[in-house]
Amino acid sequence: DAGITQSPRYKITETGRQVTLMCHQTWSHSYMFWYRQDLGHGLRLIYYSAAADITDKGEVPDGYVVSRSKTENFPLTLESATRSQTSVYFCASSDAGYSNQPQHFGDGTRLSIL
Amino acid sequence: SQKIEQNSEALNIQEGKTATLTCNYTNYSPAYLQWYRQDPGRGPVFLLLIRENEKEKRKERLKVTFDTTLKQSLFHITASQPADSATYLCAPSEGDTGRRALTFGSGTRLQVQP
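Residues numbered from 1 in each chain as written. Chains lettered and ligands numbered in written order. Predicted model: local features only at pLDDT ≥ 70, side-chain atom pairs only at ≥ 80, totals over all residues. Heavy atoms only, no water.

A. View of the environment of P75(A). One can find P75(A) in the loop between strand 7 (64-66) and strand 8 (76-78). Not counting chain neighbours up to four residues away, the residues in contact with P75(A) comprise T20(A), L21(A), M22(A), W34(A), V65(A), V66(A) and S67(A). (Helix = DSSP H or I, 4+ residues; strand = E, 2+ residues; numbered from the N terminus. Contact = heavy atoms within 4.5 Å.)

Encoded structure:
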């Protein structure tokens, strides 16, 4: 089915572990985004990508790494997870990246770090 | 710094009434403003976009206004239904310069009572 899918939907891990969240879109959208959503902070941008092999930092990039070797995939890696990274993570994509374009979101990954 | 304010308190209304949600912004000169709906456990879903030169935009039972003087957007749902219960997020954006990512308000939760 066309759309944007995130995996896993739920993940529990321990501090210090590396964890990768996956995001896959079938629209061939050029722009992709990673947000985290926490109570009291709303959605905050972690990283975004304008195209394959082009990525840029958002508001809260520390502790995260992204890559985009293919247009359709945009994985987010927590290199050494910390409790403060417990959150719900959303991936999104948009067609041209212009600010008048809507963003299409996945259903999120709920990550708990113990 | 740029700030987006949405009422953090839930809005409770009776079925059939009009719900009005507010989005205020400071230190922004947005060219566009988007509204999204988010259901529990799901990602945000795009609803409407309004441009700075549009005073009002409608889509079925939804109406959005954009007052650049007051630095405010109002989101109305007429003849509200229990199925309209969700959190609504606004996202102003300054146009096609620089970063393409959106900055979201924290959202207002709407509860429509039958």
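B. Molecular detail of the state of the cysteines. Residue and element names in this part refer to chain A. Going through the model one piece at a time under the given rule, you end up with two disulfides over all chains. Shown here is the disulfide that connects C23 with C91, its sulfur atoms set 1.9 Å apart. A torsion of -75° about the S-S bond marks the disulfide between C23 and C91 as left-handed. Linking C23 in strand 3 (residues 19-25) with C91 in strand 9 (residues 87-94), this pair joins segments that are 68 residues apart in sequence. (Disulfide = S-S within 2.5 Å.)

C. Representation of unusual backbone geometry in the model. Residue and element names in this part refer to chain A. A cis geometry characterises the amide bond from S7 onward to P8, with omega recorded as -10°. Along the polypeptide, P8 turns up in the loop between strand 1 (4-7) and strand 2 (10-13). The backbone of D53 sits at a positive phi, close to 70°, despite the residue not being glycine. One can find D53 in the loop between strand 5 (42-51) and strand 6 (54-57).

D. Just the interface of chain A and chain B, in detail. Counting residues at the interface gives 22 residues for chain A and 21 residues for chain B. Counting across the chain A and chain B interface gives one salt bridge. Counting every contact that joins chain A to chain B gives six residue pairs in polar contact (both at pLDDT 80 or more). Put simply, the parts of the chain that give the side of chain A that touches chain B at least two residues each are strand 4 (31-38) and strand 5 of chain A. Taken together, the residues that form the side of chain A that touches chain B break down as ten nonpolar, ten polar and two charged. (Salt bridge = Lys/Arg side-chain N within 4 Å of Asp/Glu carboxyl O. Polar contact = N/O pair within 3.5 Å; in protein donor to acceptor, adjacent residues only side chain to side chain. Nonpolar A, V, L, I, M, F, W, Y, C, P; charged D, E, K, R; others polar.)

E. Highlighting the pattern of salt bridges. Considering all chains together, one arrives at nine salt bridges over all chains under this definition. Of the charged contacts, one joins E14(A) and R17(A) as a salt bridge, the two residues approaching to 3.6 Å between their closest N and O atoms. Residue classification places E14(A) among the partly exposed residues on the basis of a relative accessible area of 45%. With relative accessibility at 48%, the residue R17(A) sits in the partly exposed group. Ionic pairing is found between E56(B) and R58(B), a salt bridge with its closest N-O pair at 2.8 Å. Judged by its relative accessible area of 38%, E56(B) falls in the partly exposed class. Because the salt bridges share partners, they merge into one network encompassing R36(A), D38(A) and R44(A). (Buried < 20%, exposed > 50% of the residue type's maximum accessible area, 1.4 Å probe, protein only.)

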